[in-house]
Amino acid sequence: MAIVIGYGIAFLGVVIAYLLSVGKSKKRKYKVWGIALMVPISPSISFAIGLTYAVMMENGWAAMIMWIIFPILFIIGLVMLLVGFFKKEE
């Protein structure tokens, strides 16, 4: 059940970010997607992927892959947010 909740939160974050970025400037889209990727998407998707992998491997320690996935996604979101702040208007 926790796996489904993790995927659900990530999906809800994607939907909300999409709705907030439709028809906006590129700067605004980078900011919205950066925040969305850092706050709701990366923790929940790394948690859900980690638990899914642990269930498939039948080893609880395999869930530690979330410690690798989370920082990667968080840094991608941080870079997107910084691009949104420092990008020049066209």
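Undergrad: Which residues make up the nonpolar core, and what values go with them?
TA: Membership of the largest hydrophobic core is limited to seven residues, which are Ala10, Ala17, Val32, Ala36, Leu37, Ile41 and Ile45. Secondary-structure elements contributing two or more residues to this core are helix H1 (2–21) and helix H2 (26–57). Per element, the largest residue contribution to this core is five residues, and it comes from H2. Contacts of Ile45, omitting those with residues within four sequence positions, involve Gly6, Tyr7, Ala10 and Leu73.

Undergrad: Quick one: what's the story with the environment of Ala2, residue by residue and with numbers?
TA: Counting through the fold element by element, Ala2 comes out in helix H1. On the basis of relative accessibility, which here comes to 37%, the residue Ala2 falls in the partly exposed class. Sequence-distant contacts of Ala2, defined by excluding residues within four places in its chain, comprise Phe47 and Leu51.

Undergrad: Hey, could you go over the packing of aromatic side chains for me, with residue numbers and the actual values?
TA: Under the defined criterion, the tally for this structure stands at one aromatic pair. On the basis of an interplanar angle of 40 degrees and a centroid distance of 5.7 Å, the ring pair of Phe70 and Phe74 is categorised as tilted. With Phe70 and Phe74 both in helix H3 (residues 66–86), this residue pair falls four residues apart, about one helical turn. The partly exposed category is assigned to Phe70, whose relative accessible area is 30%.

Undergrad: Quick one: what's the story with H3, residue by residue and with numbers?
TA: The terminal C-alpha atoms of H3, which comprises 21 residues, lie 30 Å apart, in line with the 30 Å expected from a rise of 1.5 Å per residue. Among the residues making up H3, those that are buried are Met66, Ile69, Gly77, Leu81 and Gly84. The buried residues of H3 all sit within an arc of 95 degrees when viewed along its axis, so they share a single face. Away from its buried face, by an angle of more than 90 degrees, H3 presents the exposed residues Trp67, Ile68 and Phe86. In this structure, the buried side of H3 is in contact with H2.

Undergrad: Run through H2, naming residues and quoting values.
TA: The largest bend along H2 reaches roughly 50 degrees and is located at Ile41, with the proline Pro43 sitting one to four residues downstream. In the stretch just after H2, Glu58 is the one whose phi turns positive, near 55 degrees.

How each quantity is defined
Residues numbered from 1 in each chain as written. Predicted model: local features only at pLDDT ≥ 70, side-chain atom pairs only at ≥ 80, totals over all residues. Heavy atoms only, no water. Core = buried A, V, L, I, M, F, W, Y, C linked by side-chain atoms within 4.5 Å. Buried < 20%, exposed > 50% of the residue type's maximum accessible area, 1.4 Å probe, protein only. Helix = DSSP H or I, 4+ residues; strand = E, 2+ residues; numbered from the N terminus. Contact = heavy atoms within 4.5 Å. Phe/Tyr/Trp six-rings, centres within 6.5 Å; stacked < 30°, edge-to-face > 60°. Expected span 1.5 Å × (residues − 1). Arc of directions from axis to C-beta. Bend = angle between axes of the 7 residues up to and from the residue.

In short, geometric facts, not functional conclusions.
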